Amino acid sequence: MPENSLFTIFLNGVFIENFILIQFLGLCPFLGVTKETRSAVGMSAAVIFVMTIASAVTFAVASFLLIPFNLGFLELIAFIVVIASLVQLVEYIIRKHLPPLYKSLGIYLPLIASNCAVLGLVLLNRIQDFTFVEGIVFGVAAGIGFGIVMILMSAVRERSSLVNIPSSVKGVPYAFFAATMLSMAFVNYFEVIPL
Amino acid sequence: MNLWSEFLRGVTKDNPVFALLLGLCPTLAVTTSMENGIGMAAASMFVLLCANIIISSLKHHIPPTIRVPIFILVIATFVSIIGMVMEAFTPALHTALGVFVPLIVVNCMIIGRAEAYASKNPVSFSVADGLGIGTGFLLVLAAIGGIRELFGTGEIVLFGLTLIQMPIEASTFMIMPPGAFFTIAVLMALVNYRRAKLLERGG
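Below or above, wherever it landed, is the structure these notes cover.

Below, the discussion takes up unusual backbone geometry. A negative phi angle characterises most non-glycine residues, just as the trans form characterises most peptide bonds. Residue and element names in this part refer to chain A. Here the phi dihedral of Phe-24 falls at roughly 60°; this positive angle occurs in a residue that is not glycine. With respect to the helices and strands, the residue Phe-24 is situated in the loop between helix H1 (6-16) and helix H2 (27-32). Overall, the relative accessible area of 4% leaves Phe-24 in the buried class. Located in the positive-phi region is Asn-70, a residue other than glycine, with phi close to 60°. With respect to the secondary-structure elements, Asn-70 resides in the loop between helix H3 (37-66) and helix H4 (75-97).

Set out below in structure tokens:
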């Protein structure tokens, strides 16, 4: 398998470089909206959506605007503005044309603008010098990896409301303990899958 | 309300990580060693301080409806500056922190202080707040980085100087991602426990 085949990039994005558990990107929604599965699913769908579009748009911005005009130092400011306006735009379009989807994503869309996972994704795309297609594949994969972890975590936390735990561990510390276990699985700590 | 108490409030009662739960991503991602933690916290502190100064001195000129984009632009400017400075003077640290240097821009700690404090208070208090919150962040990152480095490698090396060496069997678990989650879970539970004890005694 060639080093940078699309399939490798995809697997990398979902598991090996999982955004939440390995790279620690997007911890705010990970703690904030995993109290119940419904909202975790909504947030994940919105993130997958925005990450895919953001990969495409920032690639265009970088290769047609920033690089030809030698504005590399403005990269960060340009990307953050692009993502913020993109999220606004996506929100308008969905509200107008897909009202049911808007209803389920509604409150999560604006939250994504300040989500470090999306900005992290476009910066990683630039650092790894991904082409247009590679960037989109990595974006989709990162979104799916994000979603898997969000849903796993919300299931764990829904169950935990039934368990009797010491009051000082309740809430965020408990979530971090659960994340420790999940992260051990994701880094293949016990070498269940021989590599 | 005096400057010193504003500074102390940022370190203890309003500690960004343990009390406000802000800036968790860099807290976990870059604390594989004490040195990285301190470097990251110092960079964030610079941005926080500069953003607080600019925003609190311009607070009467910023239209409230577009204040958040303006905050982000101010912050992004200082992040670009510190990114370039680090690349030029501390290239090793810049590489170690990687994508988390530009990501300071979305650190909710900084925009949170701009919105909640700097846009409502005079410049001198905003400076005290920025220094206090920044110091609180620095102490937490240094502590987490130190703990992970000590148990992960058996020693703490700070800027080429070996601070502590422990004759223990080091476990790479602590410098791997799960170790970060584990360390902050334990620390946060301890802080909560202590806080509950103090409340009990107070009331």
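Text resumes after the structure shown.
On to the nonpolar core, then. Grouped together as the largest cluster of nonpolar side chains are 108 residues, with contacts concentrated most on A:Leu119 and A:Phe176. Broken down by element, this core gets its largest block of residues, eleven residues, from H4(A). Leaving out residues up to four positions away in the same chain, A:Phe176 has contacts with A:Leu31, B:Leu24, B:Leu28, B:Phe181, B:Ile184, B:Ala185 and B:Met188.

This next bit is on the interface of chain B and chain A. Facing the 34 residues of chain B at the interface are 34 residues of chain A. For the pairing of chain B and chain A, the buried interface totals around 2900 Å² over both sides, and the portion due to carbon and sulfur atoms is 87%. Counting every contact that joins chain B to chain A gives zero salt bridges. Connecting chain B to chain A are two residue pairs in polar contact (both at pLDDT 80 or more).

The subject of this paragraph is the environment of B:Ile54. Residue and element names in this part refer to chain B. Locating Ile-54 in the fold gives a position in helix H3 (residues 34-57). In this structure the C-alpha to C-alpha distance between Ile-54 and Val-123, which are 69 residues apart in sequence, comes to 8.4 Å. In contact with Ile-54, other than residues within four places in its own chain, are Val-74 and Phe-78.

Conventions adopted
All residue numbers here refer to positions counted from 1 along the written sequence of the relevant chain. To read the labels, note that chains go from A and ligands from 1, taken in the order they are written. Two thresholds apply to this predicted model, a pLDDT of at least 70 for residue-level local features and 80 or more for giving and counting side-chain atom pairs, whereas whole-chain, interface and lining totals are computed over all residues. Remark: hydrogens and water are excluded; side-chain values derive from all non-hydrogen atoms of the structure. Helix numbers and strand numbers start at the N terminus; a helix is a DSSP run of H or I with at least 4 residues, a strand a run of E with at least 2. A 1.4 Å probe rolled over the protein chains alone gives each residue an accessible area, and that area as a share of the maximum for its type sets the label: buried under 20%, exposed over 50%, partly exposed in between. To form a nonpolar core, buried Ala, Val, Leu, Ile, Met, Phe, Trp, Tyr and Cys residues must be joined to one another through side-chain atoms within 4.5 Å. We call two residues in contact when some of their heavy atoms are within 4.5 Å. Accessible surface is computed with a 1.4 Å probe, and the buried area is the amount of it that two parts give up when combined, taken over both parts together. Criterion for a salt bridge: a side-chain nitrogen of Lys or Arg within 4 Å of a carboxyl oxygen of Asp or Glu. Here a polar contact is recorded for every N or O atom pair within 3.5 Å, except that within protein the pair must consist of a potential hydrogen donor and a potential acceptor, and residues adjacent in sequence are included only if both atoms are side-chain atoms.

Distances and angles like these do not, on their own, reveal function.
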